[in-house]
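Listed below, chain by chain, are the residues.
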Amino acid sequence: MAKKIGKKTRTPMPCEDAATRRRTFGEVALGYPVDLAVEEAVRCIECKNQPCIDGCPVEVDIPRFVQQVAVRDFEGAFRTLSEKNVLPAICGRVCPQEEQCEAKCTLGVRFEPVAIGRLERFVADWAASTGLTNTSNGHPPTGRKVAVVGSGPSGLTVAADLARLGHEVTVFEALHKPGGVLMYGIPEFRLPKAIVEREIGALEALGVEIKVNHVIGRTFTIDELFVELGFDAVFIGTGAGLPHFPNIPGINLIGVYSANEYLTRSNLMKAYRFPEVDTPVVRGRRVAVIGGGNTAMDAVRTALRLGAERAYLVYRRSRSEMPARKEEIEHAEEEGVGIVLLTAPVEIIGDERRRVKQMRCIRMELGEPDASGRRRPLPKPGSEFLLDVDTVVFAVGQGANPLIRSTTPDLHTNQWGYIVADPETGATEKRGVFAGGDIVTGGATVISAMGAGRRAARAIDQYLSSPLPDGY
Amino acid sequence: MHPILSREVLAPDVVRLWVEAPTIARKRRPGQFVIVRISDAGERIPLTIADADPDIGAIALVVQGVGKTTRMLNAMEAGEALLDVVGPLGRPTRIEPKQRVCCIGGGIGAAVVYPLARGFKAADGHVTAIVGARTRALVILEHEIRHVSDRCVVSTDDGTYGRPGLVTDALRALIDAGAAFDEVVAVGPLPMMRAVCEVTRPIGLRTTVSLNPIMVDGTGMCGGCRVTVNGEPKFVCVDGPEFDGHRVDFAELAARLTAFREQEIEAAARYQPAAATAR
Ligand SMILES: Cc1cc2nc3c(=O)[nH]c(=O)nc-3n(C[C@H](O)[C@H](O)[C@H](O)COP(=O)(O)OP(=O)(O)OC[C@H]3O[C@@H](n4cnc5c(N)ncnc54)[C@H](O)[C@@H]3O)c2cc1C
Ligand SMILES: Cc1cc2nc3c(=O)[nH]c(=O)nc-3n(C[C@H](O)[C@H](O)[C@H](O)COP(=O)(O)OP(=O)(O)OC[C@H]3O[C@@H](n4cnc5c(N)ncnc54)[C@H](O)[C@@H]3O)c2cc1C
Ligand code: SF4
Ligand code: SF4
Ligand code: FES
């Protein structure tokens, strides 16, 4: 029986104030203290259909864990959560909850939905503070070996699920630290790297082996994983890491970066601490970031923290089409980011040393909807103007990295280079090879990549337990 | 961790390190490189695989101290270890059988040219090598390169050793004397590679160069290593490092290499005192 509706609005989460945080890399959102978490959890009316669960790609038993928080059984809440979600402290921070679990919440129909993401974050952080970790369910070893390529959220989920089923899992990661976008892309102020390391550490405790500095397609090809190293199945979760640059003059001037390079230098290599660390990043005084998604928001807010006097976000459509999370757009504006809408760059202009000096832009207006259903931006003739900038960062989407495709001829890819895989099982056309996450769908979300990992793990387990066909 | 098995000084500020990396030693092909990181606060820097010994599971790196990281590497002793070594990266050199090639190595470029010359030789090619340096003390790997080539010319800019003059003078002399080449492979400082291309362009002689832009990941993820080849953007770490030299926009690459000049000077200056006390 559903209980009575209590408070109609959600409990706000404390945040570092904008003036302080805009110059530091400390976390912006501070999380609920115990009492606020309980206050928020009590709002769940335990409705009968529990639509929130359908909104979560990894099927967290939301009503159950929220109830456990409400009665202060935090340990129980953590067990419930971690049954389905191997990276709860991460998801609680970066999931687009407002479009997923919270979008479906019954309470949200008339009032504000339960703040499921914030509660998830609370439970995971509480568990970490008390040293509680995820445990294996003690499945006996099966003797089957699975290779996971890429240590982003999809790969980590596959690895955890298969390890719990007793398979021997090795994750191969190209960079020197695991985590994928969680490590190199999303900045410290939104997702502290210590938390990523902590959740990955919990996976290693399940028996997953992570081999960094292994570029598949170079160090080993996919075929060599089977033939040379004796793996029984392979999961490819290499993400959509190929940066796009627009076809305009000036993109190779000094001071023009892809968001990937800008963020990798700052996050993975910690260039914001230069010269304490060796990797530099140019500290632009006037920075323009091109794009309107989460990546663009992260880049422009990083620019401020690297000391920019002016940081602009230049987006070619209007505010309502921006793909970034609303909360992130608000945070960016509070911190002083100048959002320049309906504008696109047409040329980047350099000085005699080939350093960026200005960007020529053009105003846009919205025409008919395009294939994506969003109204197509069209340039307004005669509306060009110059913006004085010394750094330009492009966050205009990513493509599929060609390394694995070009070294695995029998792996099917589509016209954009993404791997063709069954959305239900992740199975590719190549025997024993599964794929999921951004390398299949194109840039999406942490939780959708994890969902793909979960489904692929199920399919791989089935594949490994079915008898081998003749002649194999 | 990747222990350094041995260290030898080849020239002032140039050392050869043999580093344990068994998988890479087995997999690498001529023309490929690795990215290394010395320590947790360290930068990722690309270095060519100058040689490999699959039996002992080690690769050779020839390092020229030009800035903080390369100087730190140069100062490391056998027994110390590199934190990260990833590779082999980049596309291997295209080695067709029975090629008549002229392999030109300028300065540290000789370290890159050596495995290439050996590769061409192993494919029944006819190899002419030109090893150049500013002055006698900076000529490296002469003995090794001579060993894998049919003809080897050493030249120094100041005439202290071998043929006096630039490597381009040596190349021009060979061509004028009637040497026939299917291909020239040139590796060295940018101005040198560019000058070689200007010698070979008028006579339509195919010229391959190995580019050395600033890199971060080496997997095609950041785009920092992009260069313009034939008017199109290319990522050197995955599409290269070798390209048709006649189509490379050298001026752009030269400029991009100065992107972090100020920070490099700062880092190098901060390194000096520490290095002095370490010795
Ligand atoms: C800046 C930024 C901010 C974002 N913010 C959010 C957000 O707030 N919320 C959200 O839900 N989503 C966000 N996203 C999207 C989300 O991060 C991705 O959808 C998700 O990480 C995809 O996971 P994945 O497992 O497919 O791959 P990735 O996270 O991309 O990881 C792939 C890994 O594979 C490795 N790899 C690649 N090729 C090879 C190879 N050949 N051999 C070995 N390893 C290889 C890579 O180095 C990488 O570590 C953001 C993305 C970016 C770039
Ligand atoms: C594919 C490739 C193969 C290479 N092989 C060798 C080799 O075998 N031996 C060798 O001594 N050097 C090699 N280099 C160059 C070497 O990587 C740089 O000298 C080194 O990164 C400089 O780092 P630093 O901190 O010592 O100097 P810094 O002070 O950082 O820079 C000194 C100069 O080196 C260049 N540079 C800086 N960072 C990088 C970077 N990440 N990648 C490339 N160049 C950079 C800059 O133009 C700068 O002017 C290679 C480079 C590439 C791209
Ligand atoms: S994992 Fe994401 S979608 Fe699922 S319950 Fe948590 S916040 Fe919601
Ligand atoms: S939909 Fe909302 S109210 Fe209903 S169970 Fe889920 S969280 Fe509670
Ligand atoms: S080094 Fe990053 S793409 Fe080449």
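Keep in mind the model is a prediction, meaning the values are calculated, not measured. (Residues numbered from 1 in each chain as written. Chains lettered and ligands numbered in written order. Predicted model: local features only at pLDDT ≥ 70, side-chain atom pairs only at ≥ 80, totals over all residues. Heavy atoms only, no water.)

Engineer: For this particular structure, what's the right way to read empty space enclosed by the protein?
Structural biologist: Taking a probe equal in size to a water molecule and rolling it over the atoms shows the remaining empty space. In this structure the tally under the stated criterion is seven cavities of 30 Å³ or more. Of the voids in this model, the largest cavity is the one considered here, and its volume is about 180 Å³. Taken together, 17 residues line the largest cavity, and the ones lying closest to its centre are Met13, Ala29, Arg93, Arg121 and Glu327 of chain A. Residue assignment for the lining of the largest cavity shows that the elements contributing at least two residues are α6 (88–94), α9 (116–129) and α16 (326–335) of chain A. By residue class, the composition of the lining of the largest cavity is four nonpolar, four polar and nine charged. Two domains each provide a minimum of three residues to the lining of the largest cavity, namely domain 1 (18–130) and domain 3 (245–398) of chain A. What the second largest cavity holds in volume is close to 150 Å³. Residue lining of the second largest cavity: 15 residues in total, with Glu261 of chain A together with Gly224, Arg256, Ala259 and Phe260 of chain B positioned closest to the centre. Listing elements by their share of the lining of the second largest cavity, those giving two or more residues are β6 (256–258) and α14 (259–266) of chain A together with α8 (250–256) of chain B. For the lining of the second largest cavity, the residue count by class is nine nonpolar, two polar and four charged. (1 Å grid on protein atoms, 1.4 Å probe; cavity = no way out; pocket = protein on both sides within 12 Å on 5 of 7 lines; lining within 4 Å. Points joined across faces, edges and corners; volume = space filled by probe spheres on them. Helix = DSSP H or I, 4+ residues; strand = E, 2+ residues; numbered from the N terminus. Nonpolar A, V, L, I, M, F, W, Y, C, P; charged D, E, K, R; others polar. Domains from an automatic or database assignment.)

Engineer: Just to check I follow, could you spell out helix α5 (residues 167–176) of chain B for this structure?
Structural biologist: Count 3.6 residues to each turn of an α-helix, and residues three or four apart come out pointing the same way. Residues and elements named next belong to chain B. Restricting attention to buried positions, one finds in α5 the residues Val167, Thr168, Ala170, Leu171 and Leu174. The buried residues of α5 occupy one face: seen down the axis, they fall within an arc of 160°. In this fold, the buried residues of α5 make contact with β9 (100–106), β10 (126–133), β11 (151–156), β12 (163–164), β13 (183–187) and α6 (190–200). (Buried < 20%, exposed > 50% of the residue type's maximum accessible area, 1.4 Å probe, protein only. Arc of directions from axis to C-beta. Contact = heavy atoms within 4.5 Å.)

Engineer: What exactly am I supposed to notice about the layout of surface pockets here?
Structural biologist: Residue and element names in this part refer to chain B. Size it by volume and the second largest pocket reaches roughly 1,500 Å³. Lining the second largest pocket we find 50 residues, and of these Pro46, Val66, Thr70, Asn212 and Leu257 sit closest to its centre. Looking at the lining of the second largest pocket, the elements with two or more residues in it are β4 (45–48), β6 (58–64), α2 (68–74), α3 (109–122), α6 and α9 (261–278). Considering every element that reaches the lining of the second largest pocket, the biggest residue donor is α9, with six residues. When grouped by side-chain class, the residues that make up the lining of the second largest pocket number 29 nonpolar, 13 polar and eight charged.

Engineer: Got a minute to help me understand unusual backbone geometry in this structure?
Structural biologist: In terms of backbone geometry, most residues other than glycine have negative phi values and most peptide bonds are trans. Residues Phe274 of chain A and Pro275 of chain A are joined by a peptide bond in cis, for which omega reads 5°. Among the secondary structure elements, Pro275 of chain A is positioned in the loop between α14 and β7 (286–290). Looking along the chain, the bond that leaves Gly87 of chain B and enters Pro88 of chain B is cis, with omega of -5°. Within the element layout of this structure, Pro88 of chain B appears in strand β8 (residues 84–89). The backbone of Lys270 of chain A sits at a positive phi, close to 60°, despite the residue not being glycine.

Engineer: Explanation requested: the site of ligand 1 in the structure shown.
Structural biologist: Residues and elements named next belong to chain A. Surrounding ligand 1, one finds 34 residues, the nearest of these being Val94, Ser154, Glu173, Ile216 and Asp438. Between ligand 1 and Pro153, the relevant distance is 3.3 Å, taken from an oxygen atom to a main-chain nitrogen or oxygen of the residue. The separation between an oxygen atom of ligand 1 and a polar side-chain atom of Glu173 is 2.6 Å. For ligand 1, whose free accessible area comes to 1,000 Å², the fraction covered by protein is 95%. Of all the secondary-structure elements, those providing two or more residues to the shell around ligand 1 are α10 (153–164), α15 (294–305) and α19 (446–465). Counting residues per element, the shell around ligand 1 draws most heavily on α15, at three residues. Looking at which domains feed residues into the shell around ligand 1, each of domain 2 (145–241 + 400–465) and domain 3 (245–398) gives three or more. (Near = heavy atom within 4 Å. Polar contact = N/O pair within 3.5 Å; in protein donor to acceptor, adjacent residues only side chain to side chain. Areas by Shrake-Rupley, 256 points an atom, 1.4 Å probe, with all protein chains shown as cover.)

Engineer: Sorry, what's going on with the domain arrangement of chain A here?
Structural biologist: In many analyses, interface size is given as the accessible surface area lost on bringing the parts together. Residue and element names in this part refer to chain A. The domain boundaries assigned to chain A delineate domain 1 (18–130), domain 2 (145–241 + 400–465) and domain 3 (245–398). A straight line from the C-alpha centre of domain 2 to that of domain 3 covers 30 Å. Tallying the contact residues gives 15 residues for domain 2 and 15 residues for domain 3. Summing the contributions of domain 2 and of domain 3, the shared interface buries around 1,300 Å²; its carbon and sulfur component is 53%. The three residues of domain 2 that bury the most area against domain 3 are Tyr184, Phe189 and Arg190, which together make up 45% of that side's buried surface. Linking domain 2 with domain 3 are two salt bridges. A salt bridge links Arg190 to Glu328, with the nearest nitrogen and oxygen atoms 3.6 Å apart. (Buried area = accessible area lost by both parts, 1.4 Å probe. Salt bridge = Lys/Arg side-chain N within 4 Å of Asp/Glu carboxyl O.)

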